[in-house]
Amino acid sequence: MKTTKIIFWTTTILIFLFEGVMPALTSQTELAKEGIKHLGYPEYFGNALVVFKILGVLALIIPQVPARIKEWAYAGFAFDFIFASISHFAVDGIDFQGFFPLIVFAILIVSYVTYHKIQRYKNIAL
C-alpha cells in the first residue's frame, strides 16, 4: 500500500504542477495568449480553462474533497488532454505538441488508478 500511495501522490503532484501551478503562473503571458489564438480559440477560452484547471487540481490534491467531485475532476482533465491533443494535431499536424497532452494523460491515468486502489483498500479496512 505504501508504494501505491507514493505513486498516487507523485503522479497527482505532477498533474498539480502541470495543470494548476504552471497555467496559473503563465496564462497571462503573450506566449500563452498566442498559443490559444494559434489553435483558433478566443482569448476568454484560455482564461476559463485556467480557472477550471485550478479548481480541478485543488479537487484532486485536497483529501477531504468528496470522491464524486474527484471523479468529475479526473474526467475534466481527461477531456482536456484528449481535446488539446486533437487541437494540436488538427492545427500543427503530427508533432510533439500533439503528443505531450497524451503523455500527461498517461500520468493522469496512473493517478486515477492508484486513487481507486487506495479507496478500495480503505473500504476493505473499514
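Predicted model only: the values in this text are computed from it and were never measured.

1. Overview of the overall build of the protein
The secondary structure content of the protein amounts to five helices and zero strands. Considered along the principal axes of its C-alpha atoms, the protein spans approximately 50 × 25 × 20 Å. Looking at the 126 residues of the protein, the share that counts as buried comes to 31%. Sequence separation of at least 24 residues holds for 66% of the intrachain contacts in the protein that already meet a minimum separation of 6.

2. A look at the environment of K70
Mapped onto the fold, K70 is located in helix α4 (residues 67–92). In this structure, the C-alpha to C-alpha distance between K70 and N123, residues 53 residues apart in sequence, is 17 Å. Among residues more than four places away in sequence, those in contact with K70 are A59, L60, I61, I62, P63, V65 and Y115. Only 3.2 Å separates the side chain of K70 from the backbone oxygen of L60, close enough to count as a polar contact.

3. A closer look at the packing of aromatic side chains
Pairs of aromatic rings are described using the distance from one ring centre to the other and the angle between the two planes. Evaluation of the coordinates by the stated rule reveals ten aromatic pairs. Between Y41 and F45, the ring centres sit 4.8 Å apart and the planes meet at 25 degrees, which makes this aromatic pair stacked. Counting every residue linked through ring pairs, the aromatic cluster contains F8, W9, Y74, Y112 and Y115.

4. Concerning the UniProt feature "transmembrane region" (unreviewed entry) in the protein
When the UniProt feature table is mapped onto this chain numbering, "transmembrane region" (unreviewed entry) sits at residues 44–65, 72–90 and 96–115. Here residues 72–90 is 100% helix and 0% strand, with 27 Å between the C-alpha atoms at its ends. Across residues 96–115 one finds 100% helix and 0% strand; the C-alpha atoms that close the span lie 29 Å apart.

5. A look at the packing of helix α1 (residues 2–26) against helix α3 (residues 43–61)
Packed helices, taken two at a time, are described by their axes: the angle between them and the distance between them. Direction vectors running N to C along α1 and α3 enclose 155 degrees, while the axes themselves pass 9 Å from each other. Our classification of the angle between α1 and α3 gives roughly antiparallel. Classified by chirality, the crossing of α3 by α1 is left-handed. Counting all contacts with α1, which are made through F8, W9, T12, I13, I15, F16, E19, G20, P23 and A24, the residues of α3 involved are V50, K53, I54, V57, L60 and I61. In terms of residue class, the contact of α1 with α3 is built from twelve nonpolar, two polar and two charged.

Parameters at a glance
- Residues numbered from 1 in each chain as written.
- Predicted model: local features only at pLDDT ≥ 70, side-chain atom pairs only at ≥ 80, totals over all residues.
- Heavy atoms only, no water.
- Helix = DSSP H or I, 4+ residues; strand = E, 2+ residues; numbered from the N terminus.
- Buried < 20%, exposed > 50% of the residue type's maximum accessible area, 1.4 Å probe, protein only.
- Contact = heavy atoms within 4.5 Å.
- Polar contact = N/O pair within 3.5 Å; in protein donor to acceptor, adjacent residues only side chain to side chain.
- Phe/Tyr/Trp six-rings, centres within 6.5 Å; stacked < 30°, edge-to-face > 60°.
- UniProt positions renumbered as here; feature names shortened; annotations may be inferred.
- Axes fitted to C-alpha atoms, helices over the stretch in contact; angles between N-to-C directions.
- Parallel < 35°, antiparallel > 145°, perpendicular 65-115°, else oblique.
- Left-handed = near helix turned anticlockwise from the far one by under 90°.
- Nonpolar A, V, L, I, M, F, W, Y, C, P; charged D, E, K, R; others polar.

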